[in-house]
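Chain residues, written in single-letter form:
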Number of protein chains: 2
Amino acid sequence: MADMNPPVENSLENAAPNPVDISVDIAGLMAEIEALAGISEAEPPVVTRVVFGEADLRARAYVKALSREAGLSIREDSIGNTFMRWNGLDPHLSAVATGSHIDAIPNAGAYDGVVGVLGGLEAIRTLQRAGFQPRRSIELVLFTSEEPTRFGIGCLGSRMMAGALSPGEAQNLQDKAGRGLEDLRRVAGFTGDLASVQLDAGHFNSFVELHIEQGPLLEREGLQLGIVTHIAAPASLRILIEGEGGHAGAMLMTDRHDALAAAAEVILALEAAAKSTGEIDTVGTVGVCEVFPGAVNSVPSRVRLETDVRDTDGARRDGVLAALKSSAAEVAARRGVRISFETVNSDPPATCDGAVLAALEASIADSGHSARRMVSRAYHDSLFMARLAPVAMLFTPCRGGVSHRPDEYASPEWIAAGVEVLARTLAQLSSQSFT
Amino acid sequence: MADMNPPVENSLENAAPNPVDISVDIAGLMAEIEALAGISEAEPPVVTRVVFGEADLRARAYVKALSREAGLSIREDSIGNTFMRWNGLDPHLSAVATGSHIDAIPNAGAYDGVVGVLGGLEAIRTLQRAGFQPRRSIELVLFTSEEPTRFGIGCLGSRMMAGALSPGEAQNLQDKAGRGLEDLRRVAGFTGDLASVQLDAGHFNSFVELHIEQGPLLEREGLQLGIVTHIAAPASLRILIEGEGGHAGAMLMTDRHDALAAAAEVILALEAAAKSTGEIDTVGTVGVCEVFPGAVNSVPSRVRLETDVRDTDGARRDGVLAALKSSAAEVAARRGVRISFETVNSDPPATCDGAVLAALEASIADSGHSARRMVSRAYHDSLFMARLAPVAMLFTPCRGGVSHRPDEYASPEWIAAGVEVLARTLAQLSSQSFT
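Read on for an overview of the structure. Owing to the predicted nature of the structure, the values given are computational and were not obtained by experimental measurement.

**Remarks on the interface of chain B and chain A**
Part 1 of the argument: The partner chain A presents 62 residues to the 64 residues of chain B that form the contact.
Part 2 of the argument: For the pair chain B and chain A, the two sides together bury roughly 5,000 Å², of which 60% comes from carbon and sulfur.
Part 3 of the argument: If you sort the residues of chain B by the area they bury against chain A, His247, Met253 and Val296 of chain B come out on top, with a joint share of 14%.
Part 4 of the argument: At the boundary of chain B and chain A, one finds six salt bridges.
Part 5 of the argument: A salt bridge links Asp255 of chain B to Arg220 of chain A; its shortest N-O distance comes to 2.7 Å.
Part 6 of the argument: Here chain B is connected to chain A by 20 residue pairs in polar contact (both at pLDDT 80 or more).
Part 7 of the argument: Elements supplying a minimum of two residues to the side of chain B that touches chain A: strand S5 (104-108), helix H7 (217-221), strand S10 (246-247), helix H8 (259-276), strand S11 (283-292), strand S12 (298-299) and strand S13 (302-311) of chain B.
Part 8 of the argument: Here the residues of the side of chain B that touches chain A are counted per class, giving 30 nonpolar, 18 polar and 16 charged.

Structure below.
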């Protein structure tokens with residue numbers, strides 16, 4: 001990766017003086033977050049914004065309107081990634097970028113992704129209000145479909161930007177209703193060659209993503225900010241279990257090859273394997289369990305599971321997957337069912353860049369906020385941006401570690417601290433003189 | 001029950017001589033069964049006919065047209081139970097009835113229920129061709145929604161006929177799309193007071209149902225027919241498991257209250273409890289498992305299971321349910337989740353009538369076919385008809401015990417034997433002189 005990511009020069013001697021008057025309009029930002037939460041496929045406070053759905057498109061329009069008000073120029077690529085640019089004094093230099101996503105899984109909350117998009121915009125406006133003049137342009141990026149809800153694969157926009165998903169692979173994606181990506185993006189207004197989505201390494205000078213932690217550690221420890229040094233490696237698998245169906249009354253217990261009973265053992269085997277590492281950074285989840293034919297009086301003949309296993313250590317994660325497959329093979333043999341695995345994605349973990357981390361830590365020192373270094377067990381668009389540019393992430397706490405639920409919550413104080421540090425960091429990175 | 005079911009006089013001294021020329025048109029019957037299988041919501045050979053759906057209504061029309069051709073008069077009640085009558089010489093006597101259902105669960109086969117309806121019609125035509133004149137009228141009954149697919153409760157038509165489901169309870173039924181029974185039956189063309197569906201005990205003289213076994217015993221033992229002496233007692237439960245949702249990456253394994261992992265333990269506990277009786281007649285199944293929110297990157301917060309437990313011995317069945325609930329309480333306490341049970345139905349088992357069984361056995365002796373007595377672990381409309389009239393059931397084998405699947409199969413030889421014995425039995429019962 002080193003050859004792809006030219007290191008940011010870890011020197012602040014050329015940096016402009018920090019803007020004197022960093023003052024976040026937190027009331028205005030919270031009102032914008034609330035307004036965006038109201039653009040949902042579900043009744044408030046439930047947020048559901050599936051990519052390319054009507055709510056997603058209306059939410060994009062809202063963000064673009066706010067960016068236009070802030071004087072940013074807007075470019076959309078052919079998959080809907082949206083780049084909102086504040087031109088620097090030296091506009092031919094590669095830009096410093098920040099951003100996140102606004103799509104939301106079914107039954108989600110108001111903060112996941114949104115804090116990085118609207119908070120990133122407020123960081124830019126804060127610098128504008130302070131009279132700061134960036135040398136490098138600063139771009140706010142809204143990534144398409146960070147959530148895997150519709151197409152089964154996460155970070156669609158950043159993945160394609162990094163060339164980790166080819167245009168051909170993307171064109172084969174379908175949603176559960178059988179609608180293809182090509183059809184859906186065109187209806188949403190995004191046309192043009194998908195190959196143009198990929199950016200060169202070096203296109204961006206650096207990338208910093210502000211995000212809620214989606215875990216309990218910062219709040220538990222009473223800290224205001226988290227500095228992410230590593231992003232966990234997610235692996236997503238589909239598991240198909242094929243047994244033998246029959247009449248729930250007439251099929252003898254001793255004759256059964258019940259696909260759901262076998263699936264139950266697989267679900268518990270994954271839980272046990274994830275727990276067995278004893279490491280806080282290992283997690284394993286079965287989030288989807290579809291039963292066929294799914295009638296109360298039919299013995300299930302087929303079950304489809306979707307699982308998600310993550311770790312900051314790729315080898316340890318692969319060990320969990322190996323243990324799962326070994327348990328599944330034993331279950332299949334004992335119960336006379338077939339169990340097959342399909343890997344949907346298995347991405348390598350990412351390591352954040354030392355110089356970007358140093359800029360973050362200097363900004364935290366300037367702001368006086370409390371912070372710790374930590375890892376992200378959730379994945380983010382930064383996982384793929386790390387293939388294009390030096391990256392780091394900044395976490396704000398979230399109440400009770402709750403995310404992907406309507407009661408997800410981050411306080412104005414937490415968000416204000418994050419936006420302040422992001423603004424200081426963008427100022428530093430955009431002032432650096434190396435080309 | 002004795003006072004509700006006046007015993008059939010177990011005496012054949014008044015019976016008419018058996019018709020000489022019992023000749024089943026098995027080729028014609030098999031063609032009709034195939035034609036009916038083609039009336040499906042799914043592509044052949046998959047049969048799906050959900051009650052009040054378009055395929056169900058077209059299939060009803062087909063059966064009624066065949067009945068009209070056979071000279072039967074037709075009455076439909078306000079829930080769609082259809083009575084096709086061959087008037088006897090003494091039409092004021094209570095009728096002898098036979099019949100079954102034509103609705104089919106998703107992804108089912110061609111024989112479940114249909115053999116009793118079209119086979120019942122062929123039994124009547126066989127007697128007509130033989131020149132037989134019934135003293136009592138013979139009625140072929142097509143019952144509405146024997147399958148619980150749409151409304152979650154089986155034997156809807158016969159249940160209401162027996163007064164085991166009140167009109168008020170029926171009016172509260174909804175399908176999964178939230179459409180009410182009242183709306184659906186009216187759109188299907190069945191109007192009028194639901195209270196009129198209930199029939200008096202004594203309305204029918206007797207009832208005999210021909211059905212495929214839906215189990216493996218007859219084929220395994222090389223027998224042509226089964227004489228059902230008891231019908232198992234089904235209990236259907238909905239189980240709601242409420243845990244805590246969250247982000248599949250960020251929520252620590254040690255903090256989880258995963259509703260699906262808890263459900264997996266409940267599924268295995270039911271399997272173990274059903275097996276623990278060591279009795280061939282005990283079966284327990286989880287056929288439905290719905291996960292909320294059902295996203296690959298969300299820890300499941302809620303799971304809804306639908307289970308079906310049956311036994312010919314009601315007390316033994318209740319013991320399985322008690323063991324399940326005890327295991328579930330332990331799982332709930334250990335995992336910090338809530339598990340609640342809702343009983344959808346818990347019907348008592350039925351015992352077939354000695355005199356009707358005697359008529360069946362005499363007919364089997366006349367025909368020379370091989371047979372055994374057995375129990376039905378599947379439930380049938382006979383379970384509720386037993387509350388109105390003396391009943392018995394006649395089983396034909398089915399290949400591999402397979403049912404509720406597209407590869408469900410019963411051979412022409414098996415079906416012909418069943419129709420022949422049914423015809424002889426109807427002849428006997430309709431000739432008896434008691435009033």
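**With respect to the nonpolar core**
Part 1 of the argument: One finds Ile33, Tyr111, Leu127, Phe204 and Ile415 of chain B to be the most contacted residues of the largest nonpolar core, which totals 89 residues.
Part 2 of the argument: The biggest single contributor to this core is helix H12 (residues 412-431) of chain B, with nine residues.
Part 3 of the argument: Not counting the four nearest positions on each side in its chain, Phe204 of chain B is found in contact with Phe83, Ser94, Ala95, Ala97, Glu139, Val141, Leu199, Met385 and Ala389 of chain B.
Part 4 of the argument: In terms of nonpolar packing, the next biggest core, distinct from the first, is built from 88 residues, Ile22, Val96, Val117 and Ile231 of chain A among them.

**Considering the packing of helix H2 (residues 54-69) of chain B against helix H3 (residues 114-129) of chain B**
Residues and elements named next belong to chain B.
Part 1 of the argument: Between H2 and H3, the shortest axis-to-axis distance is 11 Å and the interhelical angle comes to 10°. Relative to H3, H2 is oriented roughly parallel. Listed contacts from H3 to Val63, Leu66 and Ser67 of H2 are Val117, Leu118 and Leu121.
Part 2 of the argument: Class assignment of the residues belonging to the contact of H2 with H3 gives a composition of five nonpolar, one polar and no charged.

Cut-offs and rules
- Residues numbered from 1 in each chain as written.
- Chains lettered and ligands numbered in written order.
- Predicted model: local features only at pLDDT ≥ 70, side-chain atom pairs only at ≥ 80, totals over all residues.
- Heavy atoms only, no water.
- Contact = heavy atoms within 4.5 Å.
- Buried area = accessible area lost by both parts, 1.4 Å probe.
- Salt bridge = Lys/Arg side-chain N within 4 Å of Asp/Glu carboxyl O.
- Polar contact = N/O pair within 3.5 Å; in protein donor to acceptor, adjacent residues only side chain to side chain.
- Helix = DSSP H or I, 4+ residues; strand = E, 2+ residues; numbered from the N terminus.
- Nonpolar A, V, L, I, M, F, W, Y, C, P; charged D, E, K, R; others polar.
- Core = buried A, V, L, I, M, F, W, Y, C linked by side-chain atoms within 4.5 Å.
- Buried < 20%, exposed > 50% of the residue type's maximum accessible area, 1.4 Å probe, protein only.
- Axes fitted to C-alpha atoms, helices over the stretch in contact; angles between N-to-C directions.
- Parallel < 35°, antiparallel > 145°, perpendicular 65-115°, else oblique.

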